[in-house]
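# Descriptive analysis of the structure
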Amino acid sequence: RLERRYSTEQFGKLSPTAVVEKLKQYEKSGLFQTNVILYGIILNVNRSDTPENSTELADNIYNDLWKLSSLDPSNRRFHPNEVVVTELISTWGESGLPNAAEKAEHYFSLLK
């Protein structure tokens, strides 16, 4: 009989920031490989955090993806796609922060 084993390690309160940090640790250790789709999912959930935290994490995720994709342009695993850019626009657009319109416009320009 096949026995399943699950990690008992906790993500704390499962904040999107904590999840991203754990994913980076797991990627670095070789447990699995992340990709742009996974980060798109995190960006979607991220909007449940405070506007300041969610926009900071969104910008950090985009910057990380951009840096990782520039290391090997032929590897599409980290290239920010339309889903990620749409989540960035939504995160900033819904934040209500003073610079939200400018940031959302910046990310919107990436779709062109």
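Residues numbered from 1 in each chain as written. Predicted model: local features only at pLDDT ≥ 70, side-chain atom pairs only at ≥ 80, totals over all residues. Heavy atoms only, no water.

### Description of helix α4 (residues 82-95)
This is how the line gets drawn: Under the DSSP-based scheme used, a helix requires at least four consecutive residues in state H or I and a strand at least two consecutive residues in state E, with every element numbered from the N terminus. Working rule for helices: expected span equals 1.5 Å times residues minus one. Accessible area is worked out with a 1.4 Å probe on protein chains only. A residue is then buried under 20% of its type maximum, exposed over 50%, and partly exposed in between. Note: the arc covers the axis-to-C-beta directions of the helix. Nitrogen and oxygen atoms within 3.5 Å of one another constitute a polar contact, given that in protein one can donate a hydrogen and the other can accept it, and given that sequence-neighbouring residues count only through two side-chain atoms.
Compared with the 20 Å implied by 1.5 Å per residue over 14 residues, the 20 Å span of α4 between its first and last C-alpha is a close match. Among the residues of α4, V84, V85, E87, L88, T91, W92 and S95 are the ones counted as buried. The arc that holds the buried residues of α4, viewed along the axis, is 160 degrees, so those residues lie on one side. In this structure, α4 carries E82, V83, G93 and E94 as exposed residues pointing more than 90 degrees from its buried face. A side-chain oxygen of the first residue of α4 lies 3.2 Å from the backbone nitrogen of V83; this N-cap is N81.

### Regarding the packing of helix α1 (residues 16-29) against helix α2 (residues 36-46)
Selection criterion: Geometry is summarised by axes, namely lines fitted to C-alpha atoms with helices restricted to the contacting stretch, and by angles between N-to-C directions that run from 0 to 180 degrees. Each angle gets one of four labels, with under 35 degrees taken as roughly parallel, over 145 as roughly antiparallel, 65 to 115 as roughly perpendicular, and the rest as oblique. Handedness of a helix crossing follows the sense of rotation of the near helix relative to the far helix, less than a right angle counterclockwise being left-handed and clockwise being right-handed. Here a residue-residue contact requires only that any non-hydrogen atoms of the pair lie within 4.5 Å.
Closest axis-to-axis distance for the α1/α2 pair is 10 Å, and the angle between their directions is 160 degrees. By the angle between their axes, α1 is roughly antiparallel relative to α2. Between α1 and α2 lies a crossing whose hand is left-handed. Here P16, V19, V20, L23 and K24 of α1 lie close against α2, whose contacting residues are L38, Y39, I42, V45 and N46.

### A closer look at a nonpolar patch on the surface
As a reminder of what qualifies: Only residues above 30% relative accessible area that lack a salt bridge enter a patch, with like-charged residues linked at up to 9 Å and the nonpolar side chains Val, Leu, Ile, Met, Phe, Trp and Tyr linked at up to 5 Å. Only the protein chains shown count as cover for residues, and all accessible areas are computed by the Shrake-Rupley method using a 1.4 Å probe. Counted as salt bridges are all cases of a side-chain nitrogen of Lys or Arg within 4 Å of a carboxyl oxygen of Asp or Glu.
Taken together, the side chains of I37, I41 and V45 make up a nonpolar region of the molecular surface, amounting to roughly 290 Å² of accessible area. Relative to the helices and strands, I37 is located in helix α2.

### Description of the confidence of the model for the protein
Note that predicted coordinates carrying low pLDDT should not be read in detail. To keep things clear, this is the line we draw: Per-residue confidence from the predictor is reported as pLDDT, a score between 0 and 100.
For the protein, mean pLDDT is 85; residues scoring 70 or higher make up 88% of the total. Across the protein, the secondary-structure element scoring lowest on mean pLDDT is α1, at 89, and the one scoring highest is helix α5 (residues 100-109), at 95.

### Digging into the side chain of S95
You can see S95 is positioned in helix α4. Residues in contact with S95, not counting those within four places in the same chain, are P51, T55 and A100.

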